[in-house]
Amino acid sequence: MKRIISAFLAAAVCTAAMSIVLTACSSKTADSSTTTPESTSTSTVTETAEDAADNTQIPSPITDRASLDEVNEAIGSAMKRPADLELTDEAWATIDDEEKNPIGQYTFTYNGGTYTLRTAKDTGDISGVWENGTTLGNGREGDVTAITTENGGLWSRWFDGDMQYSLYAEGAAMDDYTAVRNAMA
C-alpha cells in the first residue's frame, strides 16, 4: 500500500511540476508578443573607413528622361514612338556606358504586354535580355523576325542605317507585337 501511495505522490509531484513549466512557458509567449519596440535591445555596428571603402557602390548608368525628344538628343538618334497605338505606362531613359555609345530606352504597355525598345549607334547586344540558350542574330535591314525566348518573351533586333533597334515584350500576343513593330516603321 505504501508503494501505491508513493507512486501516486510521485505522479502528482511530476504533474504539478509539468503544470508549472507549461504555465511559465505560455506566459513568456504572451509577454513576448506584447513587447514594445522601446523595450527591445538593439546593437549598433560601427563601420570603419576600410569597411566603407569596400561597400562603395557604382553609380547607376540609367538616367530617367522626361520625353522621347530628350532621349533622342542624348543619344543622337531618331527613336520613334509606335504611331496610332494606345500605349500606357510610358517611360523614357538613357543608359550610359563608358565603352559604348549611350543607349536610348523606351518602355510602355500595349494590350497587356510590357515592351522595351532600345536603340543605339552600336552593333553589340543592346537588348538587356539574357536567357540561357537564346541568341539573337545580327539581323539585316528590314529583317524583324521575332524569336520566342525561353520565358515566353518576344524579341527582335534590326538596323536602320547606323542605328540598331531591339524590341522585347513580355506577356504580349504575337499579333500585338507585330502591330507595335509595324507602327514603328
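Being a predicted model, the structure only gives us computed values, none of them experimental. (Residues numbered from 1 in each chain as written. Predicted model: local features only at pLDDT ≥ 70, side-chain atom pairs only at ≥ 80, totals over all residues. Heavy atoms only, no water.)

Draft legend 1. Representation of the overall build of the chain in the model. In terms of regular secondary structure, the chain is built from 4 helices and 7 strands. Order of helices (α) and strands (β) in the chain, N terminus to C terminus: α-α-β-α-β-β-β-β-β-β-α. Taking all 185 residues of the chain together, the buried fraction comes to 31%. Across the chain, the fraction of contacts at a sequence separation of at least 24, relative to all contacts at a separation of at least 6, is 44%. A total of about 12400 Å² of accessible surface is found on the chain, and carbon and sulfur atoms cover 53% of it. (Helix = DSSP H or I, 4+ residues; strand = E, 2+ residues; numbered from the N terminus. Buried < 20%, exposed > 50% of the residue type's maximum accessible area, 1.4 Å probe, protein only. Contact = heavy atoms within 4.5 Å. Areas by Shrake-Rupley, 256 points an atom, 1.4 Å probe, with all protein chains shown as cover.)

Draft legend 2. Broad picture of the side chain of T109. Structurally, T109 is set in strand β3 (residues 103-110). Overall, T109 belongs to the buried group, its relative accessible area being 15%. Looking at T109, its side chain comes within polar contact range of the side chain of D89, at 3.2 Å. Beyond its immediate sequence surroundings of up to four residues, T109 is in contact with E86, L87, T88, D89 and T114. (Polar contact = N/O pair within 3.5 Å; in protein donor to acceptor, adjacent residues only side chain to side chain.)

Draft legend 3. Structural detail: the environment of G104. Within the secondary structure, G104 is located in strand β3. Ignoring sequence-local partners within four residues, the contact set of G104 consists of V71, I75, M79, A93, L117, R118 and T119.

Draft legend 4. Here's a closer look at the packing of aromatic side chains. For the coordinates displayed, the defined rule picks out 5 aromatic pairs. Note on W92 and Y106: the rings are 5.5 Å apart at their centroids and 5° apart in plane angle, and the pair reads as stacked. With W92 in strand β2 (residues 88-95) and Y106 in strand β3, the pair connects residues that are 14 residues apart, well separated along the chain. No difference in accessibility class separates W92 from Y106, as the two residues are buried. Ring plane angle 10° and centroid distance 5.5 Å describe the contact between W158 and Y165, whose orientation is recorded as stacked. One exposure class covers both W158 and Y165, and it is buried. Every member of this aromatic cluster is reached through a ring pair, and the members are W92, Y106, F108, Y115 and Y177. (Phe/Tyr/Trp six-rings, centres within 6.5 Å; stacked < 30°, edge-to-face > 60°.)

Draft legend 5. A look at the pairing of β3. Among the 8 residues in β3, 7 count as buried, and that is most of the element. Direction of pairing for β2 relative to β3: antiparallel, over a ladder of 6 bridges. Within the sheet, the bridge partner assigned to T94 lies in β3 and is G104. Across 7 bridges, the pairing between β3 and strand β4 (residues 113-120) is antiparallel. Within β4, the position partnered with F108 by the bridge is Y115. In sequence, β3 turns back onto β4 through a hairpin of 2 residues, with N111 there showing a positive phi of about 45°. (Pairing = 2+ DSSP bridges.)

Interpretation note: all reported values are geometric properties and have no functional meaning in isolation.
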